[in-house]
Amino acid sequence: FSEVWVGGRLGSEAQAAIGLAGQIWFFMVLLIVALSAGTNALVSRFWGAGDVENAVIAARQSMIFSVIFGVTITVVGLAVSRPLLRMLGASPQVEALGWEMLRFDLLGQPLICIHWVSNAIFRARGNTRTPMITAGVVCLLVILFNFAFCVWPFQVGIAGLGMSWPLASIVGVVMTIYLQKKSDIGRFLDWKGPGISRDWFVRIMKIGIPACVQ
């Protein structure tokens with residue numbers, strides 16, 4: 001809502017660019033949705049069965065994949081955003097504005113992915129309050145940054161909308177990692193454990209991809 005409101009103040013072309021860029025952003029986020037759904041299902045299954053060791057492994061693997069997914073989304077997104085904007089019918093002016101927003105916004109995808117997956121791990125153990133708080137803080141910061149960057153005092157234009165999510169997500173990641181370390185499953189953040197596993201990736205995505213499609 002805040003992006004639409006700010007876009008209205010920046011002009012009709014900016015508002016059109018926000019709408020088209022938002023469709024590309026949502027498409028990229030589908031990968032994060034798939035990973036989060038698979039994470040939630042596997043960690044909750046093991047945690048509910050009292051299999052703490054496999055719950056820790058599933059959480060650790062999911063966090064590793066969150067970094068890989070986030071970087072992949074950023075790289076692919078930066079490569080295809082302008083062609084996709086043209087395919088969606090953007091005029092040259094709207095395409096330029098959409099790219100000005102996305103080139104910053106996409107840099108925050110690794111942070112957004114880590115935050116979402118970490119929140120999925122909280123929810124898988126029955127803790128819905130912490131994800132609600134961290135997500136709420138991020139959303140509030142996005143709204144404040146949108147206003148500060150685009151309306152007052154900085155007025156950097158549509159690029160400010162792209163900067164808001166990465167900056168807010170830094171806070172979200174710091175909060176959620178700090179709280180995870182203090183939790184009863186916090187040792188999954190011990191990177192001295194087993195590295196990336198193809199078998200765990202398949203298990204997570206067998207659940208995540210159907211959820212993403214749905």
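My aim in this report is to walk through the structure given alongside it, one point at a time.

Some details on the overall build of the protein
- Helices and strands together make up the secondary structure of the protein, namely 8 helices and 0 strands.
- Mapped from its N terminus to its C terminus, the protein presents α and β elements in the order α-α-α-α-α-α-α-α.
- Within the protein, the fraction of its 214 residues that count as buried is 47%.
- Just so you have it, the protein exposes about 10400 Å², and 67% of that area is on carbon and sulfur atoms.
- Charge centroids of the protein, computed over 16 positive and 10 negative side chains, lie 5 Å from each other.

As for the layout of surface pockets
- Taken as a whole, the largest pocket spans an internal volume of roughly 180 Å³.
- The leading source of residues in the lining of the largest pocket is helix α2 (residues 12-48), at 5 residues.
- Considering only residue class, the lining of the largest pocket consists of 7 nonpolar, 2 polar and 2 charged.

Brief notes about the nonpolar core
- The biggest cluster of nonpolar side chains holds 53 residues, and the ones touching the most others in it are L35, M63, I121, I158, L161, I185 and F188.
- Listed by contribution, the elements that provide at least two residues to this core are α2, α3 (52-87), α4 (92-105), α5 (109-124), α6 (129-150), α7 (159-181) and α8 (198-213).
- Ranked by the residues each element gives to this core, the list is headed by α2, at 13 residues.

What about the side chain of S36?
- Along the chain, S36 turns up in helix α2.
- Setting aside anything within four residues of it in sequence, one finds S36 in contact with W116, V117 and A120.

Some details on the packing of helix α1 (residues 2-10) against α6
- Where α1 meets α6, the closest approach of the two axes is 10 Å, and the angle between their N-to-C directions is 10 degrees. In this view, α1 runs roughly parallel relative to α6, as classed from their interaxial angle. When α1 is examined against α6, the residues S2, E3, W5, V6 and L10 are found in contact with a partner set consisting of V142, I143, N146, F147 and C150.
- The class makeup of the residues in the contact of α1 with α6 is 7 nonpolar, 2 polar and 1 charged.

Considerations on unusual backbone geometry
- Following W152, the chain continues to P153 via a peptide bond in cis, the omega torsion being 10 degrees.
- Along the chain, P153 falls in the loop between α6 and α7.
- Of note in the backbone geometry, Q155 takes a positive phi value of approximately 50 degrees without being a glycine.
- Looking at Q155, the relative accessible area reads 53%, which means it is exposed.

Quick look at α1
- Inspection of α1 places S2, E3, V6 and G7 among the buried residues, and these make up the whole buried set. Around the axis of α1, the buried residues are gathered within 130 degrees of arc, so they sit on the same side.
- In this structure, the buried side of α1 is in contact with α2, α6 and α7.
- Phi for G11, located one or two positions after α1, is positive at around 120 degrees.

Cut-offs and rules
Residues numbered from 1 in each chain as written. Predicted model: local features only at pLDDT ≥ 70, side-chain atom pairs only at ≥ 80, totals over all residues. Heavy atoms only, no water. Helix = DSSP H or I, 4+ residues; strand = E, 2+ residues; numbered from the N terminus. Buried < 20%, exposed > 50% of the residue type's maximum accessible area, 1.4 Å probe, protein only. Areas by Shrake-Rupley, 256 points an atom, 1.4 Å probe, with all protein chains shown as cover. Lys, Arg positive; Asp, Glu negative; His and termini not counted. Charge placed at Lys NZ, Arg CZ, Asp CG, Glu CD. 1 Å grid on protein atoms, 1.4 Å probe; cavity = no way out; pocket = protein on both sides within 12 Å on 5 of 7 lines; lining within 4 Å. Points joined across faces, edges and corners; volume = space filled by probe spheres on them. Nonpolar A, V, L, I, M, F, W, Y, C, P; charged D, E, K, R; others polar. Core = buried A, V, L, I, M, F, W, Y, C linked by side-chain atoms within 4.5 Å. Contact = heavy atoms within 4.5 Å. Axes fitted to C-alpha atoms, helices over the stretch in contact; angles between N-to-C directions. Parallel < 35°, antiparallel > 145°, perpendicular 65-115°, else oblique. Arc of directions from axis to C-beta.

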